[in-house]
Protein chains: 2
Amino acid sequence: MIYREKGYRCGIDVTLAVVGGKWKSSILWHLAQETMRFSDLQRQFSDTTRKMLTQQLRELEADGMVHRKVYPQVPPKVEYSLTEKGRSIHPILEQMCAWGKAFVGE
Amino acid sequence: MIYREKGYRCGIDVTLAVVGGKWKSSILWHLAQETMRFSDLQRQFSDTTRKMLTQQLRELEADGMVHRKVYPQVPPKVEYSLTEKGRSIHPILEQMCAWGKAFVGE
DNA sequence: CAGTATCCGCAGTGATACTG
DNA sequence: CAGTATCACTGCGGATACTG
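Note that the coordinates shown come from a computational prediction; the quantities given were computed from them, not determined experimentally. (Residues numbered from 1 in each chain as written. Chains lettered and ligands numbered in written order. Predicted model: local features only at pLDDT ≥ 70, side-chain atom pairs only at ≥ 80, totals over all residues. Heavy atoms only, no water.)

**Focus on the protein's contact with DNA strand C**
Around DNA strand C, the structure places 19 residues, and the nearest of them are A:Ser39, A:Arg58, A:Arg68, B:Lys51 and B:Met52. In DNA strand C, the atoms that sit within 4 Å of the protein are 57% sugar and phosphate, with bases accounting for the remainder. In the environment of DNA strand C, a phosphate oxygen lies 2.7 Å from a nitrogen or oxygen atom belonging to the side chain of A:Arg68. Broken down by element, the residue count for the surface near DNA strand C peaks at 4 residues, all from helix α4 (residues 50-62) of chain A. Of the residues contributing to the surface near DNA strand C, the split by class is 7 nonpolar, 3 polar and 9 charged. (Near = heavy atom within 4 Å. Polar contact = N/O pair within 3.5 Å; in protein donor to acceptor, adjacent residues only side chain to side chain. Helix = DSSP H or I, 4+ residues; strand = E, 2+ residues; numbered from the N terminus. Nonpolar A, V, L, I, M, F, W, Y, C, P; charged D, E, K, R; others polar.)

**Some points on the side chain of B:His30**
Of note, B:His30 is situated in helix α2 (residues 24-33). Once you skip the residues sitting within four places of it in the chain, B:His30 turns out to touch B:Met36, B:Gln44 and B:Phe45. (Contact = heavy atoms within 4.5 Å.)

**What about the environment of A:Glu94?**
Residue and element names in this part refer to chain A. In this structure, Glu94 sits in helix α6 (residues 90-104). The class for Glu94 is partly exposed, based on a relative accessible area of 44%. Separated by 65 residues in sequence, Glu94 and Trp29 place their C-alpha atoms 8.8 Å apart. (Buried < 20%, exposed > 50% of the residue type's maximum accessible area, 1.4 Å probe, protein only.)

None of the figures reported here should be taken as evidence of function without further support.
Following this line, the structure appears as structure tokens:
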């Protein structure tokens, strides 16, 4: 199974490559609630550097999970939202969230 | 949300901490089919070092996801199988697998 | 505001050799 | 057979400064 010139053992590995990044699932989770500006995301992920946040967003964008809308104005304004593909992972994230809670709450 | 003295943003992060490791989901996936000896796993994951494989298995064991049965004999024999907790993640893995396949097959 | 660019430390990983 | 132990290296990610 090939994606972006890399081989994957099965679909699970692909999924983890897309949402398994350090902050990606959380980003997708938050964007599912609402469209957010970069500064909004910075506030939510205050323990992350701009660099990391940008990088994760760029990868999600490259995978077609998020849409990046740039308003050509000064000062700049950039909004991030989920694409259709990005929304399609949400049921799985919800289950992962529930499983994780149950796992800890024992 | 605390687990093993580490804070997690939400259940998703916990789940990824448990199954998101480089080979963990694949290990859980294969063990779901059948109990395997260490050498069986080595064959399946031929591109992984013994060290990595051992480490991932130890972490899965510490999280109560796999059971490690040692046969006290020479030469040694060690069998790995899923615990109840380990089996409980399987539905999610199946969905991740399906999602990943759909993601690539476009 | 929303990013790049650059440098750097160190944890994670690999290679190799050894052991009960 | 099923692991440890040790060393060396790479590259992820943090800190900081700069830019359109």
